[in-house]
Amino acid sequence: MTRIFSGIKPTGHATLGNYLGAMRRWAEVDQHQSDALFSVVDLHALTVEHDPARLRRLSRQAATLMLAAGLDPALCTLFVQSHVVEHVRLSYLLECTATDGELRRMIQYKEKGAQALAAGRSVRVSLLTYPVLMAADILAYGTDEVPVGDDQTQHVELTRDLAVRFNQRYGHTFTVPKATHPQVAARVMDLQDPASKMGKSHDAGAGIVYLLDDADQVRKKIMRAVTDSGREVEYDRERSPGVANLLEILSACVGGNPIDLAGVYESYGVLKRDVAEAVVELLRPVRERHAELASDPGYVDQVLEEGAERARGMARPRVDAAYAAFGLLPMG
Ligand code: AQP
């Protein structure tokens, strides 16, 4: 059976981009067809300045939202990354496999590093090294596929490179995984700035739809989305990125392809209205289920505890094998 691993980092409130690019597929497809592990990758949230109390809140919220989106602990393994020490154990060996040059090429390191410096803040070493931790997250489980949005492609490529290099040097230890992306909405763009990804750690703004926004907030944000100076509704990511983004969101919500959907609309206003209603209906059950689950934190904690136990059992033999292959003496 195909082994799948993916995660979400608790750096902010989960967005429509997280849902359409990743979480929905995890719940609707992946957990049913594969042996799937999903993680709140909390250690990844420590690469930039963070507030411990907020991190705790967001970590629990991310797990609760994953369940609200439909992840079923009877079908998949849901856990918090820091509860499974094998990730960090393996990460160090992979740091000894990766090169400084390949980590400095990572787009997120360049972008976030530059942002930190521009704001007069220092850059944490972990911002440079966390793609290796992500590789460890994936490789520890013998993962075949990593269902993610477009923005994670480069990190999965690095993971593949490290797996191949490790296997060549130290003997076959890791499966070489591949990234898979949704057919539409693999990169949902900010509604106010369609050149930028809708990201949960970006400054809260009118361009980001959060999964827990109420219906009126969702409508308001979508009705105010930046479109283009033209009048015609066309699907062209280059010339009309704002409209193309709305058409992709609509397509992800109601089906059909964005080019055909463009032909149905004669005005931006009607398109926005339909997108808004489609998103409100898409998110309604997630919000309702989240409210139920949030009132029972004991249940969420229990799911996470059992998930971590299971994940540890799956990761440990492969990480032990990697330590032995690297030449480290086994523990007695
Ligand atoms: N806009 C998006 N469109 C499609 N998929 C997306 N994903 C994220 N944003 C979009 C996918 O959601 C999964 C979890 O994402 P994440 O927690 O790793 O990243 P984020 O939500 O983008 O959070 P940040 O903190 O704002 O990240 P940065 O700024 O580092 O990008 C992943 O599968 C991701 O592809």
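Sequence positions are assigned chain by chain, starting from 1 and proceeding in written order. A pLDDT threshold of at least 70 governs which residues receive local features in this predicted model, and a stricter bar of 80 or more applies before side-chain atom pairs are shown or counted, although totals over entire chains, interfaces and linings include all residues. The side-chain values count all of the structure's non-hydrogen atoms but skip hydrogen atoms and water molecules.

## Description of the environment of A262
Here comes step 1: Helix numbers and strand numbers start at the N terminus; a helix is a DSSP run of H or I with at least 4 residues, a strand a run of E with at least 2. By the secondary structure assignment, A262 is in helix α10 (residues 258-264).
Here comes step 2: Each C-alpha atom of the pair A262 and R273 lies 14 Å from the other, and the pair is 11 residues apart in sequence.
Here comes step 3: Contact criterion: two residues are considered in contact whenever any of their non-hydrogen atoms come within 4.5 Å of each other. With near-sequence residues (within four places) excluded, A262 lies in contact with V233, E234, Y235 and L247.

## So, the site of the ligand
Here comes step 1: Proximity is defined per residue: if any heavy atom of the residue lies within 4 Å of a molecule or strand, that residue is considered near it. Contacts to the ligand come from 24 residues, most closely from T11, K112, D151, K197 and K200.
Here comes step 2: D151 places a polar side-chain atom, nitrogen or oxygen, 2.5 Å from an oxygen atom of the ligand.
Here comes step 3: Surface accessibility in these figures is a Shrake-Rupley result with a 1.4 Å probe; residues are shielded only by whichever protein chains are displayed. If the ligand stood free it would expose 670 Å²; the protein chains cover 96% of that surface.
Here comes step 4: Among the elements that line the shell around the ligand, the one with the most residues is helix α1 (residues 16-33), at four residues. Here a polar contact is taken to be a pair of N or O atoms separated by no more than 3.5 Å, where protein atoms must pair a possible hydrogen donor with a possible acceptor and residues adjacent in sequence count only if both atoms sit in side chains.

## Some words on helix α8 (residues 215-223)
Here comes step 1: Burial in α8 covers these residues: A215, V218, K221 and I222. The arc enclosing the buried residues of α8, seen along the axis, measures out at 135°, which places them on a common side.
Here comes step 2: Summarising the contacts, the buried residues of α8 are in contact with α9 (241-254) and α11 (268-294).
Here comes step 3: Near the N-terminus of α8, the side chain that reaches the backbone nitrogen of D216, with its oxygen 3.1 Å away, is that of D214. Each residue gets one of three labels from its accessible area relative to the maximum for its type: buried under 20%, exposed over 50%, partly exposed in between, using a 1.4 Å probe on protein chains only. This arc is taken over the directions from the axis of the helix to the C-beta atoms.

## What about the environment of V233?
Here comes step 1: Within the fold, V233 resides in the loop between α8 and α9.
Here comes step 2: Judged by its relative accessible area of 8%, V233 falls in the buried class.
Here comes step 3: For the pair V233 and R187, spaced 46 residues apart in sequence, the C-alpha separation works out to 20 Å.
Here comes step 4: If we ignore the near neighbours within four places in the chain, the residues touching V233 are V243, L247, A262, Y265, E266, S267, Y268 and L271.

## Brief notes about the environment of S229
Here comes step 1: Positionally, S229 belongs in the loop between α8 and α9.
Here comes step 2: Sequence spacing of S229 and S240 is 11 residues, and the spatial spacing of their C-alpha atoms is 8.6 Å.

## Things to note about the domain arrangement of the protein
Here comes step 1: Domains are outlined according to an automatic or database domain assignment. Domain parsing of the protein yields domain 1 (3-181 + 297-326) and domain 2 (215-292).
Here comes step 2: Spacing between the C-alpha centres of domain 1 and domain 2 amounts to 30 Å.
Here comes step 3: With nine residues of domain 1 at the contact, the number on the domain 2 side is nine residues.
Here comes step 4: Roughly 840 Å² is buried in total at the junction of domain 1 and domain 2, and carbon and sulfur atoms are behind 77% of that figure.
Here comes step 5: What counts as buried area is the accessible surface, traced by a 1.4 Å probe, that two parts surrender upon association, with contributions from both included. Considering only the side of domain 1, the residues that lose the most area to domain 2 are L16, Y19 and A68, jointly responsible for 48% of the buried surface there.
Here comes step 6: We count a salt bridge whenever a side-chain nitrogen from Lys or Arg sits within 4 Å of a carboxyl oxygen from Asp or Glu. Where domain 1 packs against domain 2, one counts zero salt bridges.
Here comes step 7: For the side of domain 1 that touches domain 2, the elements supplying multiple residues, two or more each, are α1 and α2 (52-68).

## Side note on the packing of helix α3 (residues 86-95) against helix α12 (residues 297-326)
Packed helix pairs are specified by the crossing angle of their axes together with the interaxial distance, meaning the distance between the axes.
Here comes step 1: The N-to-C vectors of α3 and α12 enclose an angle of 25°; their axes lie 9 Å apart at closest approach. Relative to α12, the element α3 is oriented roughly parallel. When the axes of α3 and α12 are compared, the crossing they make is left-handed. Touching E86, R89, L90 and L93 of α3 are R312, A315, R316, V319, D320, A322, Y323 and F326, all from α12.
Here comes step 2: Residues were grouped as follows: Ala, Val, Leu, Ile, Met, Phe, Trp, Tyr, Cys and Pro as nonpolar; Asp, Glu, Lys and Arg as charged; and all remaining residues, including Gly, as polar. Counted by class, the contact of α3 with α12 contains seven nonpolar, no polar and five charged residues. All axes here are fitted lines through C-alpha atoms, helices being fitted over the stretch that makes contact, and every angle between N-to-C directions spans 0 to 180 degrees. Reported orientations rely on four angle classes, namely roughly parallel under 35 degrees, roughly antiparallel over 145, roughly perpendicular from 65 to 115, and oblique for the rest. Handedness of each helix crossing follows the sense of rotation of the near helix against the far helix: counterclockwise by less than a right angle gives left-handed, clockwise gives right-handed.

## Some remarks on the pairing of strand β2 (residues 35-40)
Here comes step 1: When you tally the buried positions in β2, you get five out of six residues, the bulk of the element.
Here comes step 2: Two strands qualify as a pair provided that DSSP identifies no fewer than 2 bridges between them. Summarising the sheet, strand β1 (residues 3-8) and β2 pair through six bridges and their orientation is parallel. Across the sheet, the residue bridging to G7 is S39, located in β2.
Here comes step 3: In this fold, β1 hands off to α1, which returns the chain to β2; that crossover is right-handed.
Here comes step 4: As judged from the four bridges shared by β2 and strand β3 (residues 77-80), these two strands associate in the parallel manner. Its bridge partner being in β3, V40 is matched across the sheet by V80.
Here comes step 5: We call a crossover right-handed when, viewed with both strands directed away from the observer, the connection leading from the first strand over the helix to the second proceeds clockwise. Handedness of the crossover joining β2 and β3 through α2 is recorded here as right-handed.

## Quick look at the packing of α1 against α11
Here comes step 1: One way to put it is that α1 packs onto α11 with a least axis distance of 12 Å and a crossing angle of 70°. What the angle tells us is that α1 and α11 run roughly perpendicular. The interaxial crossing formed by α1 with α11 has left-handed handedness. On α11, the residues that touch L16, Y19, L20 and R24 of α1 are V279, L282, L283 and V286.

## Some thoughts on the pattern of salt bridges
Here comes step 1: Tallied over the full model, the rule gives 21 salt bridges.
Here comes step 2: The salt bridge involving E234 is made with R239; its shortest N-O contact spans 2.9 Å.
Here comes step 3: Exposure remark for R239: the relative accessible area of 59% places this residue in the exposed category.
Here comes step 4: One salt bridge in this structure joins R237 and E248, with 2.9 Å as the shortest N-O distance. Of this pair, R237 sits in the loop between α8 and α9 while E248 sits in helix α9, placing them 11 residues apart in sequence.
Here comes step 5: In this structure E248 comes out as buried when scored by relative accessible area, which is 8%.
Here comes step 6: If you follow the salt bridges from partner to partner, you end up with E86, R89, R316 and D320 in one network.

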